[in-house]
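A look at the structure
For reference, the chains in residue letters:
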Amino acid sequence: GAGVSQSPSNKVTEKGKDVELRCDPISGHTALYWYRQSLGQGLEFLIYFQGNSAPDKSGLPSDRFSAERTGGSVSTLTIQRTQQEDSAVYLCASSLGGGAKNIQYFGAGTRLSVL
Amino acid sequence: SQQGEEDPQALSIQEGENATMNCSYKTSINNLQWYRQNSGRGLVHLILIRSNEREKHSGRLRVTLDTSKKSSSLLITASRAADTASYFCATVLNSGNTGKLIFGQGTTLQVKP
């Protein structure tokens, strides 16, 4: 695709339910990042994938959060037993390679609302 | 867990005026980047400045970096109503090799026509 695609664009769920957020990176980009943007915490890094491996998961806030990437392409971020504090915009970005010099291209994000 | 801070938090100017936003950070960096965000959704990369650079230009954008003060500034010259957005600085640290971005709090810019 032309850019990073995220789905759904909006998700409303009830507290305690599980949600899955999807990210389709730019074709050929080996690096993929998840970030979260919330009113209280601003923009925070969650996890980094290089290919299908996640060498940096340091930003995942709790064990309710997990992510995987398959085929070096699509990634899914799963939040189990959602809580109200999980409400945020979840942003995905991809780049040609990991490392400092590669520009990251962002998707439009998924706005998650936990009621 | 934010790397740094930005000021001002909000800025309102008239079209044609210049807008200056500042960013400070805490630890040694590989590079610093500026992003723009419209309507609270996707981020658009504007410019990257490496730690060994002091100034960089791109169109109406001018970025400076002072590593001794751990600070950067973004200048938008001859602003337009379309420049209305939130602007974030983001640093990439020297440690590790993931390229993950650590964002500042952002500056909300309003350009009045």
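Residues numbered from 1 in each chain as written. Chains lettered and ligands numbered in written order. Predicted model: local features only at pLDDT ≥ 70, side-chain atom pairs only at ≥ 80, totals over all residues. Heavy atoms only, no water.

Moving on: the sheet that holds strand β8 (residues 75-79) of chain A. All names here are of chain A. Within the open sheet, the 4 strands sit side by side as β1-β3-β8-β7. Their pairing is antiparallel. Both outer strands of the open sheet, β1 (5-7) and β7 (65-69), are each paired with one neighbouring strand and no more. Averaged over all neighbouring strand pairs, the angle between strand axes comes to 15°, with direction disregarded. Pairing of β1 with strand β3 (residues 19-24) involves 3 bridges; the strand directions are antiparallel. Bridge pairing in β3 links Ser7 to Arg22. (Pairing = 2+ DSSP bridges. Helix = DSSP H or I, 4+ residues; strand = E, 2+ residues; numbered from the N terminus. Axes fitted to C-alpha atoms, helices over the stretch in contact; angles between N-to-C directions.)

With that settled, consider the interface of chain B and chain A. Listed per partner, the contact involves 22 residues of chain B and 27 residues of chain A. Buried area between chain B and chain A, both sides added, is near 1900 Å², and the carbon and sulfur share of it is 51%. The largest share of the area that chain B buries against chain A comes from B:Arg41, B:Thr98 and B:Lys100, three residues that together contribute 32% of it. On the surface where chain B and chain A come into contact, there are 1 salt bridge. With a shortest N-O distance of 3.1 Å, B:Lys100 and A:Asp56 are connected by a salt bridge. Counting across the chain B and chain A interface gives 6 residue pairs in polar contact (both at pLDDT 80 or more). (Contact = heavy atoms within 4.5 Å. Buried area = accessible area lost by both parts, 1.4 Å probe. Salt bridge = Lys/Arg side-chain N within 4 Å of Asp/Glu carboxyl O. Polar contact = N/O pair within 3.5 Å; in protein donor to acceptor, adjacent residues only side chain to side chain.)

Residues and elements named next belong to chain B. Here we have 5 strands laid out as an open sheet, ordered β1-β3-β8-β7-β6, and antiparallel in their pairing. Since the sheet does not close on itself, it has two edges, and those belong to β1 (4-7) and β6 (55-58), each with one partner. Sheet twist, expressed as the average angle between the axes of neighbouring strands with direction ignored, equals 15°.

This model, assessed by the stated rule, comprises 2 disulfides over all chains. Between the sulfur atoms of A:Cys23 and its disulfide mate A:Cys92 the distance is 1.9 Å. Judged by the sign of its S-S torsion, about -65°, the bond between A:Cys23 and A:Cys92 is left-handed. Remark: A:Cys92 occurs in strand β9 (residues 88-95) and A:Cys23 occurs in strand β3; sequence separation between them is 69 residues. For the pair shown, A:Cys23 and A:Cys92 are each scored as buried. With its sulfur 2.0 Å from that of its partner, B:Cys23 forms a disulfide with B:Cys89. An S-S torsion of about 70° defines the bridge between B:Cys23 and B:Cys89 as right-handed. With a gap of 66 residues between them, B:Cys23 in strand β3 (residues 19-25) and B:Cys89 in strand β9 (residues 85-93) connect regions that are remote in the sequence. Judged by relative accessible area, B:Cys23 falls into the buried class, the value being 2%. (Disulfide = S-S within 2.5 Å. Buried < 20%, exposed > 50% of the residue type's maximum accessible area, 1.4 Å probe, protein only.)

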